[in-house]
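In case you want the letters, here they are:
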Amino acid sequence: MIKSFKDLPLENLISGGTPTCPGCGGELGLKLALKVMGKDTIVVNASGCMTLLSNYPTTPMKVSFIHNAIENAPATATGIMHALDKLGRKMDILCYVGDGATYDIGFQSLSGAAARGDNMVYVCYNNSCYGNTGNQWSTATPAFAKTTTTPPGKKSRGNPLSRKDMAKIMGAHGIYSATASTAFPLDYLKKLEKARAFKGVGFIDLLVNCPTNWGFSAAKGIEVIRLAVQTGIWPLYEVENGKLELTYNPKVLLPVEKFLKGQDRFKHLKKRDIQRIQEAVNTEWKQYRTGHYWESDEY
Ligand SMILES: Cc1ncc(C[n+]2csc(CCOP(=O)(O)OP(=O)(O)O)c2C)c(N)n1
Ligand code: SF4
Ligand SMILES: [Mg+2]
């Protein structure tokens, strides 16, 4: 069981010098995941920024890596699972897939694998946009964020947070499901351990910083992503047996403005927009703290 960083292997299973942008949170999330998953892992990736890591012959990956269409990473993982079974081989499968491919285009494939109970860990590295194709909005993009397809800012549909609650949707499949952040690595690693031990799809929605598309200096990546959690914009929780529990629950949350102000995608926000986001976070957290946000009978 992982209690501290000392429990992790020293070896990185991604070598230095990769084609991702400086300060890319997606790559960091994969590097950390492989510390828990180990060498006998097959990474399954759908088209997105992390596909750059598979470019033959200069791949930095030290484990197997399969890139497939954006729609069907979990279906491919299911095929691999059955093939390994037939061959009598024991290997872990890690789907490492972007938010566009998870929340939108490949959702049917993920939902199907979860419903079938196929064994795999699924990490959605969530940079909250279609990053690789030039920053189009996805259903993970927060309201008001400027993207190339929402130049005046993404319209809010009622709730100013306006993101799809994917970890809750996956939790409703009766699987292990959690949110995580690269700025809280121990929390993430412990959740990975649980997802790996779970018989079926173990799902993690990992918020990762994307300096290129969010518009801030690469050196500030961890600071920005930490503020997402400390302001309550990205709550850390897990859903087990249909019950949701916060894994980060500070007495006081920081004002949301601290997270919003350093990023170009939110530069155009007016005071009243920030106020609306703050009110939405306050309401959501009131529900979390009174235990009424999302509860269902045990499965
Ligand atoms: C069916 C289909 N539509 C569009 C594309 C083009 N495409 C390649 S990568 C990508 C972005 C995927 O976004 P996301 O899953 O969030 O990963 P990110 O690029 O942000 O890492 C898109 C739209 C594709 N490969 N397949
Ligand atoms: S665009 Fe964002 S997610 Fe993609 S490689 Fe660059 S920093 Fe990473
Ligand atoms: Mg993305």
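Read on for a plain summary of the structure. (Residues numbered from 1 in each chain as written. Chains lettered and ligands numbered in written order. Predicted model: local features only at pLDDT ≥ 70, side-chain atom pairs only at ≥ 80, totals over all residues. Heavy atoms only, no water.)

1. Points about the site of ligand 1
Just so we agree on the cut-off: Only a single heavy atom is needed: when it lies within 4 Å of a molecule or strand, its residue is near that molecule or strand. Pairs of N or O atoms are called polar contacts if they sit within 3.5 Å, as long as, within protein, a hydrogen donor faces a hydrogen acceptor (for residues adjacent in sequence, only side-chain-to-side-chain pairs). For accessible areas, the Shrake-Rupley method is used with a probe of radius 1.4 Å. Any residue's cover is judged against the shown protein chains and nothing else. Numbering of helices and strands runs from the N terminus; a helix is a DSSP stretch of H or I covering at least four residues, while a strand is a stretch of E covering at least two. When residue character is reported, Ala, Val, Leu, Ile, Met, Phe, Trp, Tyr, Cys and Pro are called nonpolar, Asp, Glu, Lys and Arg charged, and the others, Gly included, polar.
Near ligand 1 you find 16 residues, and of these C49, G100, Y125, G131 and N132 are the closest. G100 is positioned with one of its backbone polar atoms (N or O) 2.8 Å from an oxygen atom of ligand 1. A101 places a polar main-chain atom, nitrogen or oxygen, 2.9 Å from an oxygen atom of ligand 1. Computed on the free molecule, ligand 1 has an accessible area of 580 Å², of which 75% lies beneath the protein chains in the complex. Ranked by residue count, the leading element in the shell around ligand 1 is helix α3 (residues 99-105), at 3 residues. Residues that form the shell around ligand 1 fall into these classes: 6 nonpolar, 8 polar and 2 charged.

2. A look at the pattern of salt bridges
Should the charged atoms of two oppositely charged side chains come close, the side chains can pair. So the rule is basically this: For this document, the term salt bridge refers to a Lys or Arg side-chain nitrogen within 4 Å of an Asp or Glu carboxyl oxygen. The classification of residues rests on relative accessible area computed with a 1.4 Å probe and restricted to protein chains. Under 20% of the type maximum is buried, over 50% is exposed, and intermediate values are partly exposed.
Using the criterion set out here, one finds 13 salt bridges in the structure. With a closest N to O distance of 3.5 Å, E284 and R163 form a salt bridge. With E284 in helix α10 (residues 271-289) and R163 in the loop between β4 (120-126) and α5 (166-171), this pair connects stretches of sequence that are 121 residues apart. As far as burial versus exposure is concerned, E284 and R163 are alike and both buried. Here K194 ties to E238 by a salt bridge, and the two come within 3.0 Å at their closest N and O atoms. Of this pair, K194 sits in helix α6 (residues 185-197) while E238 is found in strand β7 (residues 237-240), placing the two residues 44 residues apart along the sequence. Assessed through its relative accessible area of 12%, E238 is described here as buried. In this structure, a network of salt bridges that share partners links the residues R163, D165, K168 and E284.

3. Side note on the site of ligand 2
Looking at ligand 2, the residues that line it are T20, C21, C24, C49, N127, C210, P211, T212 and N213. Of the residues that constitute the shell around ligand 2, the class distribution is 5 nonpolar, 4 polar and no charged.

4. Details of the packing of helix α2 (residues 73-87) against helix α4 (residues 107-116)
For clarity, the threshold we go by: Lines fitted to the C-alpha atoms define the axes, with helices restricted to the stretch that makes contact. Angles between their N-to-C directions range from 0 to 180 degrees. Comment on the angle field: the value is read as roughly parallel under 35 degrees, roughly antiparallel over 145, roughly perpendicular from 65 to 115, and oblique elsewhere. Any two residues whose heavy atoms approach within 4.5 Å are treated as being in contact.
The contact between α2 and α4 brings their axes to 7 Å, and the two run at 40°. One way to sum up the angle between α2 and α4 is to call them oblique. Here α2 contributes A73, P74, A75 and T78 to the contact with α4, which in turn contributes S109, L110, A113 and R116. By residue class, the composition of the contact of α2 with α4 is 5 nonpolar, 2 polar and 1 charged.

5. Some words on the nonpolar core
The following threshold applies: Buried Ala, Val, Leu, Ile, Met, Phe, Trp, Tyr and Cys residues form a nonpolar core when they are joined through side-chain atoms within 4.5 Å.
Membership of the largest hydrophobic core comes to 61 residues, with the highest contact counts inside it found for V201, F203 and L260. Not counting the four nearest positions on each side in its chain, F203 is found in contact with T102, L110, Y122, C124, M166, A167, M170, I175, Y176, S177 and A178. Counting residues in hydrophobic clusters, the runner-up holds 31 residues, among them L8, A33, M37 and Y96.

6. Section: the pairing of strand β5 (residues 176-181)
The condition that has to hold: Note: two strands are recorded as paired if DSSP finds a minimum of 2 bridges between them. Orient the strands so they point away from the viewer, and a crossover whose first-strand-to-second-strand path over the helix runs clockwise is right-handed.
For β5, the tally of buried residues reaches 6 of 6 residues, placing the bulk of the element in the interior. The pairing of β5 with strand β6 (residues 201-207) spans 6 bridges and is classified as parallel. Each residue of the ladder has a partner; that of Y176, found in β6, is G202. The parallel pair β5 and β6 is bridged by α6, and the resulting crossover is right-handed. Bridge count for β5 against β7 is 2 bridges, and the pairing is antiparallel. Looking at the pairing, S177 lines up with V239 of β7.

7. A look at helix α1 (residues 25-37)
Where we set the bar: Helix span is expected to be 1.5 Å times the residue number reduced by one.
Look at α1: 18 Å from first C-alpha to last across 13 residues, which is about the 18 Å you get at 1.5 Å a residue. Looking only at α1, the buried set comprises G25, G26, E27, G29, L30, L32, A33, L34, K35, V36 and M37. Close packing links the buried residues of α1 with β1 (41-46), β3 (92-98), β4, α6 and β6. Looking at the residues trailing α1, positive phi occurs at G38, about 90°.

8. Let's talk about the sheet that holds strand β2 (residues 64-68)
Ordered by their spatial adjacency, 8 strands build an open sheet running β2-β1-β3-β4-β6-β5-β7-β8, and the pairing between neighbours is mixed. If you trace the sheet from one side to the other, it starts and ends with β2 and β8 (243-246), each paired once. Neighbour-to-neighbour, the strand axes of this sheet turn through a mean angle of 20°, independent of strand direction. As paired strands, β4 and β6 are joined by 7 bridges and run parallel to one another. Its bridge partner lying in β6, N126 is registered against L207.

9. A short note on the packing of aromatic side chains
Basically, it comes down to this: Geometry of aromatic contacts follows a simple scheme: Phe, Tyr and Trp rings, the Trp one being its six-membered ring, pair when their centres are within 6.5 Å, and the pair is stacked under 30 degrees between planes, edge-to-face over 60, tilted otherwise. Two thresholds decide whether a charge sits over a ring: the Lys NZ or Arg CZ must be within 6 Å of the ring centre and within 35 degrees of the ring normal.
Summed over all chains, the structure comprises 7 aromatic pairs. Relative to F266, the ring of F259 lies with its centre 6.2 Å away and its plane at 55°, an arrangement referred to as tilted. Taken together, a centroid distance of 5.7 Å and an interplanar angle of 70° make the contact between W285 and Y288 edge-to-face. A residue pair is termed a helical-turn pair when its members lie 3 or 4 positions apart in one helix, as W285 and Y288 do in helix α10 at 3 residues. The pair W285 / Y288 is uniform in exposure class, with both members buried. Among the aromatic side chains, those forming a connected cluster through ring pairs are Y237, W285 and Y288. Looking at K164, its charged tip hangs above the ring of F107, at a distance of 5.7 Å from the centre.

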